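If you want the building blocks of each chain, they are given just below.
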Amino acid sequence: MNEQTLFRQTRWRLASWYAGVMGIILAVSGLGVYEAIDHAHRTAADRELQAIAGRLHDNIEPTLQQPGEIPASAQRFLPDPCNSPSQCTETVRAAEHAPGEMFQGNYYIRLLDPSQDLVALAGLKPPGLISSSSASEWQFLKDRDKTRYRQVTLPLQNPNEQLWGYLQVGSSLKDSDRYLSSVRLALFAGLPLALGFVGVAGWWLAGRAMRPIRQSYQQMQQFTADAAHELRTPIAAAQATVESVLDLPQLSEAEARETLQTLDRQNQRLSQLIQDLLLLTRLDRQIQLKQNDACCLQDLVSDIAEELAALALSKKIQLLTDVQVDQPLWVNGDEAQLYRLVFNLVINAIQYTPEGGKVTLALDQQDQQAVIQVQDTGVGIVPEYQAKIFDRFYRVDSDRNRQTGGSGLGLAIASAISQTHGGKISVQSQPGQGSTFILSLPIGSVRQPTPTL
Ligand code: ADP
């Protein structure tokens, strides 16, 4: 699978998962909101119904005598009652003394005798309301038009505590059902719309999330290709040397020695490359430094100047040191790695400075940072390359650098070491005038005593 297809498919998959999960969350939230609205409506309606039924019950019950018979004193609470549902074709208007709110809403009142036959009906006349038993106190009923009603049933007793019958008060749920069905519609229509937005957002977010992964994938591919290329160069050179020698009919001792020296050179180049790659891999994995390791920068600067003095001399370059601090500067970290870091900067400065030039290795302190500057009067680096020279295998001028033996890993290693030590490297350069590499490292908490000689 090529890179394009792989990333496109992964992006699709991520976006789909995102949309799917968000869809479920939205659906569950929508359901929750709907349930909450439904519950709030139901509770409010039940509370109102219970209040009305309770008031009616308390008013009617003291007036009752014979089971199933409605005394005249109870009539005022039941305006224009009818004895059977068939007689009750119109909504009864509120009587003067009847609790007004009872008929302002969509309510009906029914009185049943002990055998649950209808004795009177007042208020709304729901067509074909399926009469139900009074067994349960709270019920949902439906009329012929499928309008739903909520009904509460309360038993009525006469003063002798004899069961007179039942009082049923019901209210129409038409308005509430209409409102709930509009909420349902909004949720059902809104969900696919929201899913569409989530899908687009998911696609965009997946693209953003994958950008660094794609970059590091491309870097890895580039690195593999560069590493293979760099490894192939000395191997191909060694192979060519061996083949040309094998073609000779005879081999003198001098020729054999020369061939072996060439092979040795290529071999060393190869093993140096492998060591650099291994070091980079180790640095990539190194998360924390050992707390007790520390390195004195004054010693490091003078050791490097001493080691490279002969090389500078052979190239007719002046190598100077400029240490601005009196107290020993200690930084936490691996001494060998820090040595390699500064060594790489100085050897580059010597390599890229023509004869008669000058390289200065300076050490200073700024706040809590130790600052090492490697300044040369060499070829310099054009601005467009200055950010790239720290990339692995990057060389400004490949052919020229290959002659100097460089593989393009020197600054990548320096940068990786400085990062591992919490430091920073930057470069300031003017083409044709020279470059200054500035390395700052945090001064360590571990201060070791100055070694006594
Ligand atoms: P190399 O091993 O090829 O020197 P580096 O990673 O050390 O690779 O350097 C990367 C590139 O940066 C080199 O190709 C070189 O062109 C440029 N460079 C590094 N140091 C200097 C310097 N002091 N002056 C000019 N160019 C430099």
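Caption draft 1: Just the side chain of Ser 440, in detail. As for its placement among the helices and strands, Ser 440 is situated in strand β12 (residues 434-442). Every residue in contact with Ser 440, bar those within four places of it in the chain, is listed here: Gln 369, Ala 370, Val 371, Gly 423 and Lys 424.

Caption draft 2: Up close: helix α6 (residues 297-314). Its 18 residues give α6 an end-to-end C-alpha distance of 26 Å, which sits within 8% of 26 Å, the value for a rise of 1.5 Å per residue. Largest kink in α6: about 45 degrees, centred on Leu 308. What α6 keeps buried is the set Leu 297, Gln 298, Leu 300, Val 301, Ile 304, Ala 305, Leu 308 and Ala 312. Contact partners of the buried residues in α6: β6 (294-296), β7 (318-323), β8 (330-332), α7 (335-351), β9 (358-366) and β10 (369-376). Of the residues flanking the end of α6, it is Lys 316, one or two places downstream, whose phi is positive at about 55 degrees.

Caption draft 3: Representation of the sheet that holds strand β2 (residues 118-123). Strands sit in the order β2-β1-β5-β4-β3 across an open sheet of 5 strands; the sheet is antiparallel. Strands with a single pairing partner mark the edges of an open sheet, and in this sheet they are β2 and β3 (138-142). Taken pair by pair, the neighbouring strands of this sheet meet at an average axis angle of 25 degrees, ignoring direction. Relative to strand β5 (residues 163-172), strand β1 (residues 107-112) runs antiparallel, the two sharing 6 bridges. For Tyr 107, the partnering residue across the bridge sits in β5 and is Ser 171. Contacting β1, β3, β4 (148-157) and β5, helix α1 (residues 3-60) crosses the sheet at an angle of about 30 degrees to β4.

Caption draft 4: A look at the side chain of Arg 150. As for its position among the elements, Arg 150 is in strand β4. The class of Arg 150 is buried, set by a relative accessible area of 10%. At a separation of 2.9 Å, a polar atom in the side chain of Arg 150 contacts the side chain of Asp 46. Contacts of Arg 150, omitting those with residues within four sequence positions, involve Asp 46, Leu 49, Trp 138, Gln 139, Phe 140, Val 169, Gly 170, Ser 171 and Leu 173.

Caption draft 5: Local environment of the layout of surface pockets. By volume, the second largest pocket is sized at about 670 Å³. In terms of lining residues, the second largest pocket is bounded by 23 residues, among which Gln 219, Phe 223, Phe 390, Asp 391 and Arg 392 are the most central. For the lining of the second largest pocket, the elements supplying multiple residues, two or more each, are α4 (174-246), α5 (253-285) and α10 (410-420). Per-element accounting of the lining of the second largest pocket gives the leading share, 8 residues, to α4. Looking at the lining of the second largest pocket residue by residue, the classes come out as 8 nonpolar, 8 polar and 7 charged.

Caption draft 6: How the structure looks around the packing of α7 against α10. At their nearest, the axes of α7 and α10 sit 9 Å apart, and the two run at 145 degrees to each other. In this structure, the crossing between α7 and α10 has a hand that is left-handed. Counting all contacts with α7, which are made through Gln 337, Leu 338, Arg 340, Leu 341, Asn 344, Leu 345 and Asn 348, the residues of α10 involved are Gly 410, Leu 411, Ile 413, Ala 414, Ile 417 and Ser 418. Of the residues contributing to the contact of α7 with α10, the split by class is 7 nonpolar, 5 polar and 1 charged.

Caption draft 7: How the structure looks around the pairing of β1. Among the 6 residues that make up β1, 6 are buried, leaving the element largely enclosed by the rest of the structure. With burial as the criterion, each face of β1 is covered, one bearing Tyr 107, Ile 109 and Leu 111 and the other bearing Tyr 108, Arg 110 and Leu 112. The pairing of β1 with β2 spans 5 bridges and is classified as antiparallel. Within β2, the residue paired with Leu 111 across the bridge is Ala 120. Count of turn residues in the β1/β2 antiparallel hairpin: 5 residues, of which Gln 116 carries a positive phi of about 65 degrees.

Caption draft 8: Seen up close, the packing of aromatic side chains. Enumeration over the complete set of coordinates arrives at 7 aromatic pairs. When the centroid spacing of 6.2 Å and the interplanar angle of 45 degrees are considered together, the rings of Tyr 385 and Tyr 394 count as tilted. On the basis of relative accessible area, Tyr 385 is assigned to the partly exposed category, the value being 25%. Judged by its relative accessible area of 24%, Tyr 394 falls in the partly exposed class. Its guanidinium or amino end placed over the ring of Phe 140, Arg 150 lies 4.2 Å from that ring's centre, counting from NZ or CZ.

Caption draft 9: Molecular detail of the sheet that holds β12. With mixed pairing, the 5 strands of this open sheet are ordered in space as β7-β9-β10-β12-β11. Each edge of the open sheet carries a strand with a single partner, namely β7 and β11 (424-430). Neighbouring strand axes in the sheet, compared pairwise and without regard to direction, differ in orientation by 15 degrees on average. Pairing analysis gives 7 bridges linking β11 to β12, with the strands arranged antiparallel. In the sheet register, Val 427 faces β12, and the bridge partner there is Phe 437. The sheet contacts of α7 involve β7, β9, β10, β11 and β12, and relative to β10 the element is tilted by about 25 degrees.

Caption draft 10: Fine view of the pattern of salt bridges. On inspection of all chains with the given rule, the structure shows 9 salt bridges. Ionic pairing is found between Glu 3 and Arg 214, a salt bridge with its closest N-O pair at 3.5 Å. Pair noted here: Glu 3 is in helix α1 and Arg 214 is in helix α4, with a separation of 211 residues, a long-range link. Glu 3 sits in the buried class, given a relative accessible area of 19%. Residue Arg 214 is classed as partly exposed on the basis of its relative accessible area, which comes to 26%. Taken together, the shared-partner salt bridges connect Glu 230, Arg 269 and Arg 395 into one network.

Caption draft 11: Spatial organisation of the pairing of β5. Judged by how many residues are buried, β5 sits mostly within the fold: 9 of 10 residues are covered. Here β4 pairs with β5 via 9 bridges, running antiparallel. Along β5, the bridge assignment pairs Val 152 with Val 169. Hairpin connection of β4 to β5: 5 residues between the antiparallel strands, including Glu 161 at a positive phi of 60 degrees.

Each value, and the rule that gives it
Residues numbered from 1 in each chain as written. Predicted model: local features only at pLDDT ≥ 70, side-chain atom pairs only at ≥ 80, totals over all residues. Heavy atoms only, no water. Helix = DSSP H or I, 4+ residues; strand = E, 2+ residues; numbered from the N terminus. Contact = heavy atoms within 4.5 Å. Expected span 1.5 Å × (residues − 1). Bend = angle between axes of the 7 residues up to and from the residue. Buried < 20%, exposed > 50% of the residue type's maximum accessible area, 1.4 Å probe, protein only. Pairing = 2+ DSSP bridges. Axes fitted to C-alpha atoms, helices over the stretch in contact; angles between N-to-C directions. Polar contact = N/O pair within 3.5 Å; in protein donor to acceptor, adjacent residues only side chain to side chain. 1 Å grid on protein atoms, 1.4 Å probe; cavity = no way out; pocket = protein on both sides within 12 Å on 5 of 7 lines; lining within 4 Å. Points joined across faces, edges and corners; volume = space filled by probe spheres on them. Nonpolar A, V, L, I, M, F, W, Y, C, P; charged D, E, K, R; others polar. Left-handed = near helix turned anticlockwise from the far one by under 90°. Phe/Tyr/Trp six-rings, centres within 6.5 Å; stacked < 30°, edge-to-face > 60°. Lys NZ or Arg CZ within 6 Å of the ring centre and 35° of its normal. Salt bridge = Lys/Arg side-chain N within 4 Å of Asp/Glu carboxyl O.

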